[in-house]
Amino acid sequence: MNTASRVKLTIPNGTKVSATLSAVLGAGPAQVAISAASAITIQSPAALTGTIIVEASIDGVAWATVQDNLADVVPAAGKINRLPLGLTAQDLRITSASNEGAARDFWLSIQEC
């Protein structure tokens, strides 16, 4: 049976970094959700101030940009992006190159098989 969870990560107004997935779901459930996912998609808001990247952490301390086929995953305004399959990480977050001019909500759809 396939199930999908929807999770909102928000970059607050005037800042660059969203809450982490573990802050929303809890550390254990976030790690299970990422590793058990058959697909993770991110829907971006209609307007963005800065260039957006998705970051992952293996240890919950050091963060790195998520890549797919050696290219950064860069969600664009009003678009849906897919994260690479087989992503193994402890946590995820969304980061902007600039302080955002308003709160920006990103919706993650985590599909589990």
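What you see is a predicted model; the values in this text were computed from it and never measured.

Visitor: So what's going on with the packing of aromatic side chains? Residues and values would help.
Guide: Scanning the model with the defined rule gives zero aromatic pairs in all. Taking the ring centre of W107 as reference, the NZ or CZ of R6 above it sits at 4.1 Å.

Visitor: Give a description of the pattern of salt bridges that names residues and reports values.
Guide: Counted according to the given criterion, the structure contains three salt bridges. Put simply, R93 and E55 hold a salt bridge, and the shortest N to O gap is 2.7 Å. With R93 in strand 8 (residues 91–96) and E55 in strand 3 (residues 52–57), this residue pair connects regions lying 38 residues apart in the sequence. Accessibility classification places R93 together with E55 in one group, the buried group. Of the charged contacts in the structure, one is a salt bridge between R104 and E100, with a shortest N-O distance of 2.8 Å.

Visitor: Report on the sheet that holds strand 4 (residues 64–65), specifying residues and quantitative values.
Guide: Taking strand neighbours across the sheet as the criterion, the three strands line up as 4-3-8 in an open arrangement whose pairing is antiparallel. At either end of the open sheet lies a strand with only one pairing partner, and these are strand 4 and strand 8. Pairing of strand 3 with strand 4 involves two bridges; the strand directions are antiparallel. By the bridge assignment for strand 4, A56 is matched with A64.

Visitor: Give a description of the pairing of strand 2 (residues 37–43) that names residues and reports values.
Guide: Bridge analysis of strand 2 against strand 9 (residues 104–112) gives six bridges, and the strand direction is antiparallel. Looking at strand 9, one finds that I40 is bridged to I110. With three bridges joining them, strand 2 and strand 7 (residues 80–82) adopt antiparallel strand pairing. Of the residues in strand 7, the one forming a bridge with T41 is R82.

Visitor: Before we move on, could you go through the side chain of E55 and cite the residues and values that matter?
Guide: Here E55 falls in the buried class, since its relative accessible area comes to 11%. A polar contact is formed between the side chain of E55 and the side chain of R93, at a distance of 2.7 Å. Polar contacts involving the side chain of E55 include one to the side chain of T95, which spans 2.7 Å. Residue contacts for E55: discarding those within four places in its chain leaves W63, A64, T65, V66, D91, L92, R93 and T95.

Visitor: Please give an account of the environment of V7 that cites residues and values.
Guide: Topologically, V7 is positioned in strand 1 (residues 3–11). Residues V7 and I42 lie 35 residues apart in sequence; the distance between their C-alpha atoms is 9.5 Å. If sequence neighbours within four positions are ignored, V7 has contacts with L21, V24, L25, F106, W107, L108 and I110.

Visitor: Tell me about the environment of R6, and please be specific about residues and values.
Guide: In this fold, R6 is placed in strand 1. The spacing of R6 and Q111 is 105 residues in sequence and 8.9 Å in space, taken between C-alpha atoms. Discounting chain neighbours no more than four positions away, the residues touching R6 are W107 and L108.

What counts and how
- Along each chain, numbering runs from 1 in the same order as the chain's sequence is written.
- The predicted nature of this model means local features are confined to residues of pLDDT at least 70 and side-chain atom pairs, given and counted, to a pLDDT of 80 or more, with totals for whole chains, interfaces and linings taken over all residues.
- Think of the side-chain values as coming from all heavy atoms in the structure, minus any hydrogens and water.
- Here the aromatic set is Phe, Tyr and Trp, taking the six-membered ring for Trp, and pairing holds for ring centres within 6.5 Å; pairs whose planes are under 30 degrees apart are stacked, those over 60 apart are edge-to-face, and all others are tilted.
- Over a ring means this: the NZ of a Lys or the CZ of an Arg is within 6 Å of the ring centre and within 35 degrees of the ring normal.
- Here a salt bridge means any side-chain nitrogen of Lys or Arg lying within 4 Å of a carboxyl oxygen belonging to Asp or Glu.
- Numbering of helices and strands runs from the N terminus, with a helix taken as a DSSP run of H or I at least four residues long and a strand as a DSSP run of E at least two residues long.
- The buried label goes to any residue with under 20% of its type's maximum accessible area, the exposed label to any with over 50%, and the partly exposed label to all in between, with areas taken from a 1.4 Å probe on protein chains only.
- Two strands qualify as a pair provided that DSSP identifies no fewer than 2 bridges between them.
- Side-chain atoms alone can form a polar contact between residues adjacent in sequence; in general such a contact is a pair of N or O atoms within 3.5 Å, and within protein one must be able to donate a hydrogen while the other accepts it.
- Any two residues whose heavy atoms approach within 4.5 Å are treated as being in contact.

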